[in-house]
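Structural features, examined
Residues per chain, in single letters:
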Amino acid sequence: MGAGHAHHGHGAHAARDHHHGDAGIRAFAWVTLLNLAYTVLEAAYGFATNSLALLSDALHNFGDVLGLALAWGAAVIARRAPTERHTYGWRRATLLSPLANAIVLAGFSGALAWEAVRRFTAPPDVPGIPIMVVAGIGIFVNLGAAWFMHGGHDDLNRRGAFLHLMADAAVSLAAVLAGAGMLAFGWEWLDPLTALLVGVVVAVSAFGLLRDSFNAAMDAVPRNIDQAQVRDFLASCPGVAAVHHVHIWSLGAGEIAMTAHLVRPDATDHDMFIDALTEDLNERFGINHPTLQIEHGSACEHDAHDRAPHH
């Protein structure tokens, strides 16, 4: 038996990744601070006007500030160099951060919905103009912050932040419309109704992020990769008679790892084969951290035991 592993890009590729990492961290920093400033403003006006719509949106935004701070911290931590103990570095922080973010948002959505339902029986008298003005500012703040996050949808960390910011903009628009309805028609029930809608929006966005981040944390195959296609591609490679022990998982933002055992009974060009296959896996599937084990015979049983189950 022989074993080989993939090589990784250096030089220009490393410099480009470093540049993208700096840009991503700066984006998180600006967006977090911008949202924190707006959250304080919105909460202050919410208390001053006794508006649950503003307070609920402020609470929602505060949840996102926590999530963005987690994502910011994760982006910084993920750049720590590998060590003898943490051989992959701390890149998984970008997978655990969205999981924590989703759990926080889910908790907030329940609290908002509960308070909104309680207020339906006796909605307070809330002035419409301050709600419209403050929520209108929120639309621009959140759209501007989302613009900082755009273009990073292959990064679950940035994708989570982008989706929440777009949801925030929609929620702020709903608050503007609620303020207009209260101002024009005196419909005070629009205030708790808007807060209830905020809770629903938060719950829906949190569920999607919770599902994806939980799967990533549990080493599931990334959603954009079809494992059957990868297995078929490996089986079609020159000299490959059988494929087994295929595992594909996310190491962190933009990094996908894979292990596979390839049976090549008659081939002797293993080094050239591994180099070419490494490039193909990256170009076809975005798998940029493969470890490929080459076997000469089909009777290898060294991994066929209960402590190392595999598909």
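Cut-offs applied
- Each chain has its residues counted from 1, following the order in which its sequence is written.
- pLDDT decides what is reported in this predicted model: residues at 70 or higher carry local features, side-chain atom pairs at 80 or more are listed and counted, and totals for whole chains, interfaces and linings draw on all residues regardless.
- The side-chain quantities take in all heavy atoms of the structure and omit both hydrogens and water.
- Exposed residues in this analysis have more than 50% of their type's maximum accessible area, buried residues have under 20%, and partly exposed residues fall in between, with area computed by a 1.4 Å probe over protein chains only.
- Secondary structure elements are taken from DSSP: a helix is a run of H or I of four residues or more, a strand is a run of E of two residues or more, and numbering for both begins at the N terminus.
- Here, any two strands with at least 2 DSSP bridges between them count as paired.
- Seen with the strands pointing away from the viewer, any crossover whose path from the first strand over the helix to the second strand runs clockwise is right-handed.
- Every residue carries a pLDDT, the predictor's confidence in it, which falls somewhere between 0 and 100.
- Should any heavy atoms of two residues lie within 4.5 Å, those residues are considered in contact.
- The term salt bridge refers to a side-chain nitrogen of Lys or Arg lying within 4 Å of a carboxyl oxygen of Asp or Glu.

Before going further, it helps to examine the pairing of strand β2 (residues 242–252). Burial analysis of β2 places 9 of its 11 residues in the buried class, the great majority of the element. Bridge analysis of β2 against strand β3 (residues 255–263) gives 8 bridges, and the strand direction is antiparallel. Bridge pairing links Ile 248 to Met 258 in β3.

In this section: the pairing of strand β4 (residues 289–295). Among the 7 residues of β4, 5 are classified as buried, and the element is accordingly described as predominantly covered. Alignment of β3 against β4, held across 7 bridges, turns out to be parallel. Its bridge partner lying in β4, Met 258 is registered against Pro 290. This β-α-β element, β3 to helix α8 (residues 270–285) to β4, shows right-handed connectivity.

Now for the confidence of the model for the protein. Should the pLDDT be low somewhere, the predicted coordinates at that spot are not to be read in detail. This prediction gives the protein a mean pLDDT of 78; 85% of its residues lie at or above 70. Within the protein, no element has a lower average pLDDT than strand β1 (residues 2–5), which sits at 48, and none a higher one than helix α7 (residues 227–235), at 96. Low pLDDT (under 50) marks residues 1–20, which in the prediction has 28 contacts with non-local residues, meaning those over four places away or in another chain.

What follows is about unusual backbone geometry. With a phi close to 60 degrees, Asp 219 is a non-glycine residue in the positive phi region. Topologically, Asp 219 is positioned in the loop between α6 (190–217) and α7. In this structure Asp 219 comes out as partly exposed when scored by relative accessible area, which is 39%. Unusually for a residue other than glycine, His 245 sits at a positive phi of about 55 degrees. A residue is classified by how much of its surface remains accessible, and His 245, at 14% relative accessible area, is buried.

Another point: the pattern of salt bridges. A complete count under the given rule lists 3 salt bridges for this structure. Arg 211 serves as the salt-bridge partner of Asp 212, at 3.3 Å between the closest nitrogen and oxygen. You can call Arg 211 partly exposed: its relative accessible area is 37%. Taking the shortest distance from any N to any O, the salt bridge between Asp 212 and Arg 223 comes out at 3.1 Å. Placement of the pair is Asp 212 in helix α6 and Arg 223 in the loop between α6 and α7, with a sequence separation of 11 residues. Using a relative accessible area of 6% as the deciding quantity, one classes Asp 212 as buried. Ionic contacts of the salt-bridge type, sharing partners, join the residues Arg 211, Asp 212 and Arg 223 into one network.

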